[in-house]
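Listed below, chain by chain, are the residues.
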Amino acid sequence: MKIAIIGCGTIGSGMASQWAKSHQLFLFDRTFAKAEKLAQKLNADLSSNCAACPTILEAIKDNDLILLAFKPQNLTSATESFSQALTSNQLLASVLAGVTLDTLRRYFPHGQLLRVMPNIALNYGQGVIGLANQQFHPPFSKEIIEELFGLLGWIHWVDEAKIDALSALAGSGMAFAAAIMEAGTEASIAMGLNAEEGLNILIETFTGTITTLKETGMHPGQLKWKVSSPGGTTIAGLFKLEEKGLRSALMETFLATYKRNQELGKKI
């Protein structure tokens, strides 16, 4: 497939690094040197077929998929040069936070549209990839789209109304998990370990927890009780978590992120 990526930031370059292994890419960024540098790196590392393009029109010409991967507030300025150039045989995929399909249709009346919400673990093929549930017509189908985006990680087709929730859990959730691990690492230093030792143990512990939940289908509460023994060390720690309101704080954190996603969408 021939793919144009408009915006070579974290998400755009991450998708490029996976797709370049099996697809032909055309890269555009407002800073041409950025697109050029990424194309050179992918061609050198993967023996891929990537080209940096000086204009958006050159990047999208005759390509199958066009990915919008820039800041949402730049939608108007970035797309006015090519909004009328798309055809029904092209798929325009957007990772712009808060930008709905209805908004995209106002800008792009001709091409087929796809709203995508990924997280940055896609850099390693381990991303959570939310796709707004809708119908497509030839040459595209859900199966073709799944095959393409499946290279980035786990696919979740959700109603568009749930995209902001998925973004809060999967996108921002990585930062919240990292904050918890950072706190644990600092606690490990207070307990006499060095930072590297503490962080490695935490990474292994989180990995083991995730594997256990996936393999057993166990509810997180069940795992928590399984680890806790009567009058033991774990329940003492869990009691302190409740005393400090960690669960409430985390729920409010996810909800604040969800609400902010919705606010951003209303401004565009």
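Residues numbered from 1 in each chain as written. Predicted model: local features only at pLDDT ≥ 70, side-chain atom pairs only at ≥ 80, totals over all residues. Heavy atoms only, no water.

Looking at an unreviewed UniProt entry, one finds the chain named Pyrroline-5-carboxylate reductase, with Parachlamydia acanthamoebae as its source organism. A UniProt comment under Function (unreviewed entry) is attached to the chain, and it reads "Catalyzes the reduction of 1-pyrroline-5-carboxylate (PCA) to L-proline." In UniProt, the chain has this text filed under Pathway (unreviewed entry): "Amino-acid biosynthesis; L-proline biosynthesis; L-proline from L-glutamate 5-semialdehyde: step 1/1." (UniProt positions renumbered as here; feature names shortened; annotations may be inferred.)

Visitor: Now, about the overall build of the chain: what can you tell me, with residues and values included?
Guide: Scanning the chain for helices and strands turns up 11 helices and 8 strands. Along the first, second and third principal axes, the C-alpha set of the chain runs to 70 × 40 × 30 Å. Taking all 268 residues of the chain together, 40% fall into the buried category. Within the chain, residue pairs in contact and separated by at least 24 positions form 60% of the contacts whose partners lie at least 6 positions apart. Total accessible area computed for the chain in this model is approximately 14900 Å², and 58% of it derives from carbon and sulfur atoms. The averaged location of the 24 negative side-chain charges in the chain is 5 Å from the averaged location of its 23 positive side-chain charges. (Helix = DSSP H or I, 4+ residues; strand = E, 2+ residues; numbered from the N terminus. Buried < 20%, exposed > 50% of the residue type's maximum accessible area, 1.4 Å probe, protein only. Contact = heavy atoms within 4.5 Å. Areas by Shrake-Rupley, 256 points an atom, 1.4 Å probe, with all protein chains shown as cover. Lys, Arg positive; Asp, Glu negative; His and termini not counted. Charge placed at Lys NZ, Arg CZ, Asp CG, Glu CD.)

Visitor: Break down the UniProt feature "domain: Pyrroline-5-carboxylate reductase catalytic N-terminal" (unreviewed entry) in the chain for me, with residues and values.
Guide: Under the feature "domain: Pyrroline-5-carboxylate reductase catalytic N-terminal" (unreviewed entry), the UniProt entry names residues 2-98. Secondary structure over residues 2-98 splits into 36% helix and 22% strand, and the C-alpha atoms at its two ends are 27 Å apart.

Visitor: Give me the state of the cysteines: which residues, what numbers.
Guide: This structure, assessed with the given rule, holds 0 disulfides. Left unpaired, Cys 50 is separated from the closest cysteine sulfur, that of Cys 8, by 9.7 Å. A disulfide-free cysteine, Cys 53 has its sulfur positioned 9.6 Å from the sulfur of Cys 8, the nearest such atom. (Disulfide = S-S within 2.5 Å.)

Visitor: Tell me about the environment of Glu 196, and name the residues and values.
Guide: By the element assignment, Glu 196 lies in helix 8 (residues 195-216). Relative accessible area serves as the criterion here: at 59%, Glu 196 is assigned to the exposed category. In sequence terms Glu 196 and Thr 185 are 11 residues apart; their C-alpha atoms lie 8.2 Å from each other.

Visitor: Explain the sheet that holds strand 3 (residues 50-52) residue by residue, including any values.
Guide: Overall, mixed pairing links the 8 strands, which are arranged 3-2-1-4-5-6-7-8 in an open sheet. On the outer flanks of this sheet lie strand 3 and strand 8 (153-158), each paired with one strand and no other. Strand-to-strand twist of the sheet, defined as the mean angle between neighbouring strand axes without regard to direction, takes the value 25°. Strands strand 1 (2-6), strand 2 (24-28), strand 4 (65-68) and strand 6 (112-118) of the sheet are contacted by helix 1 (residues 10-19), whose axis makes an angle of about 160° with strand 1. (Pairing = 2+ DSSP bridges. Axes fitted to C-alpha atoms, helices over the stretch in contact; angles between N-to-C directions.)

Visitor: Before we move on, can you summarise helix 10 (residues 233-244) with the specific residues and values?
Guide: In this model helix 10 runs 17 Å from its N-terminal to its C-terminal C-alpha over 12 residues, within 8% of the 16 Å that 1.5 Å per residue would give. Residue Gly 245 follows helix 10 closely and has a positive phi angle near 75°. (Expected span 1.5 Å × (residues − 1).)

Visitor: Before we move on, could you go through the pattern of salt bridges and cite the residues and values that matter?
Guide: Summed over the entire model, instances satisfying the criterion amount to 7 salt bridges. Arg 105 is the salt-bridge partner of Asp 102, the closest N and O atoms lying 3.1 Å from each other. Of the two residues, Asp 102 and Arg 105 are both situated in helix 5 (residues 101-107); the distance of 3 residues between them amounts to about one turn of the helix. Judged by relative accessible area, which is 54%, Asp 102 ranks as exposed. (Salt bridge = Lys/Arg side-chain N within 4 Å of Asp/Glu carboxyl O.)

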